[in-house]
Every structure is written in structure tokens, then in C-alpha cells.
Amino acid sequence: GKLRGTPIWYDWMRFNQHRVNQWFTFLDSEIKKHDSSAKTHIKLMPWLWNTDIRDHGLDFESLLEITDIIGFDANSEYSNFRGKQDYETNYSFDWQSAAMSFDFFSSIQPQQLLWDSENHFFNNVKFQERNIDPDYVRAIYWLAATHGLAGSSTWLWGRNLDGSII
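Since this is a predicted model, take the numbers as computed values, not measurements. (Residues numbered from 1 in each chain as written. Predicted model: local features only at pLDDT ≥ 70, side-chain atom pairs only at ≥ 80, totals over all residues. Heavy atoms only, no water.)

## Concerning the overall build of the chain
In step 1: Counting its secondary structure elements, the chain contains five helices and three strands.
In step 2: Walking the chain from its N terminus toward its C terminus, one meets helices and strands in the order α-α-α-β-α-β-α-β.
In step 3: For the C-alpha atoms alone, the extent of the chain along its principal axes is close to 45 × 45 × 35 Å.
In step 4: When burial is assessed residue by residue, the chain has 36% of its 166 residues classed as buried.
In step 5: Across the chain, the centroid of the 15 positively charged side chains sits 5 Å from that of the 22 negatively charged ones. (Helix = DSSP H or I, 4+ residues; strand = E, 2+ residues; numbered from the N terminus. Buried < 20%, exposed > 50% of the residue type's maximum accessible area, 1.4 Å probe, protein only. Lys, Arg positive; Asp, Glu negative; His and termini not counted. Charge placed at Lys NZ, Arg CZ, Asp CG, Glu CD.)

Printed below as a string of C-alpha cells:
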């Protein structure tokens, strides 16, 4: 962490980005070698893009250009069991991660589908609502649709009928 912001840190991040890009280019070409009509995607995590931490070694622009479908792992919430969040001052739910990342991803590959292969609109690590507010569900999916979401696989926190965690 002491090297963050130095030339050595920048070189390390670019090295990691190059390595990750090579890996996913290899995977994409290997899949298409065996099935030329296959469509590939990478599950990018929007929070890695829209937070102020840029030390994860991912070059989102290049990764979006490698595959045929824009894949990601979006989230949203309207409550947080870890306390009050910044968005709650002005908004009824956290829209920023989804809206900003969808717009950014589409600006890189405007002709590709946006596919959320691990959608966390119903829960995530800090958002664990047992009875989801239907107004929130309509609002977040409407927001996602207006920003280009073509489909998603909803990720769910498994619970028993009595509400206890499985």
C-alpha cells in the first residue's frame, strides 16, 4: 500500500491488466476454436470500476472488447445492516453502481447485450431484506432496463421457510 501512486505501483497494475487481458483473450479464442458460434462474456464487478480504488489490475475497456456479451455482477440496495449509507441522504436506494456501470459498459460496446449473470438487486453482503419492497423491485429493474439491461440471473441468499439461513 505504501507504493500506491508511484511509478512502481503503476507498472505493477499495468502488468496485471496485461496478464488478465491475455488470459481472457486466450479463453475466448479457445472456446471459439471449438465452437465458432459461441458467445462469451466475462462477469465484471461494477464496484471495481465505480469506486475510487483502481488497484485491482483490471482494464475494463479492454476486457469489454474481448467478449461478445457484456457480462457483469451488479448490485443495489435500499437498506444496509451496517448502518446509514451516503445514498440514503438523497435517494431511496443505491442506484449509482448499476446506472453508472451500465452506461460505461455500453459506451465501450454499444452493440452488445448487457447480461447480469449474478444480479444482486435482492441481496448482497450487507443488504439482507427478508421481505423485499415491491416498489424497490420495480424501480431498480426499471432503472436497469432504461440503462440497457437485457437480462439477468438473480442471486439469492438461501433461507429456510422460517427465515433462518440454510
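Back to the text.
## Re the nonpolar core
In step 1: One finds Leu 44, Phe 60, Phe 72, Phe 102, Phe 105, Phe 121 and Tyr 136 to be the most contacted residues of the largest nonpolar core, which totals 26 residues.
In step 2: Of all the secondary structure elements, the ones that give two or more residues to this core are helix H2 (46-50), helix H3 (60-66), strand S1 (70-72), helix H4 (96-108) and helix H5 (134-146).
In step 3: Here this core gets five residues from one element, more than from any other, and that element is H4.
In step 4: Leave out the neighbours within four places in its chain, and Tyr 136 touches Ser 76, Glu 77, Tyr 78, Phe 93, Phe 121 and Phe 127. (Core = buried A, V, L, I, M, F, W, Y, C linked by side-chain atoms within 4.5 Å. Contact = heavy atoms within 4.5 Å.)

## Digging into the pattern of salt bridges
In step 1: A complete count under the given rule lists seven salt bridges for this structure.
In step 2: Residue Asp 73 is joined to Lys 43 by a salt bridge in which the shortest nitrogen-to-oxygen separation is 3.8 Å. In this pair, Asp 73 is assigned in the loop between S1 and H4 and Lys 43 in the loop between helix H1 (7-34) and H2, connecting sequence segments 30 residues apart.
In step 3: A relative accessible area of 9% means that Asp 73 is categorised as buried.
In step 4: Salt-bridge contacts for Lys 43 lead to Glu 118; the nearest nitrogen and oxygen are separated by 2.6 Å. Pair noted here: Lys 43 is in the loop between H1 and H2 and Glu 118 is in strand S2 (residues 114-119), with a separation of 75 residues, a long-range link.
In step 5: Each member of the salt-bridge network shares a partner with another, and the members are Asp 28, Lys 32 and Asp 68. (Salt bridge = Lys/Arg side-chain N within 4 Å of Asp/Glu carboxyl O.)

## Some points on the confidence of the model for the chain
In step 1: Per-residue confidence for the chain averages 87 on the pLDDT scale, and 92% of its residues sit at or above 70.
In step 2: Per-residue pLDDT, averaged within each element of the chain, yields its smallest value for H2 (74) and its largest for H1 (95). (pLDDT = per-residue confidence, 0-100.)

## With respect to the sheet that holds S2
In step 1: Across the sheet, which stays open at both edges, the three strands sit in the order S1-S2-S3 with parallel pairing between neighbours. Only two strands of the sheet have a single partner each, and these edge strands are S1 and strand S3 (149-154). Put simply, the sheet's adjacent strands are angled 15° from each other on average, direction ignored.
In step 2: The sheet contact formed by S1 and S2 spans three bridges and is parallel. Its bridge partner being in S2, Ile 70 is matched across the sheet by Leu 114.
In step 3: Helix-sheet contacts for H4 involve S1, S2 and S3, and the interaxial angle to S1 is about 155°. (Pairing = 2+ DSSP bridges. Axes fitted to C-alpha atoms, helices over the stretch in contact; angles between N-to-C directions.)

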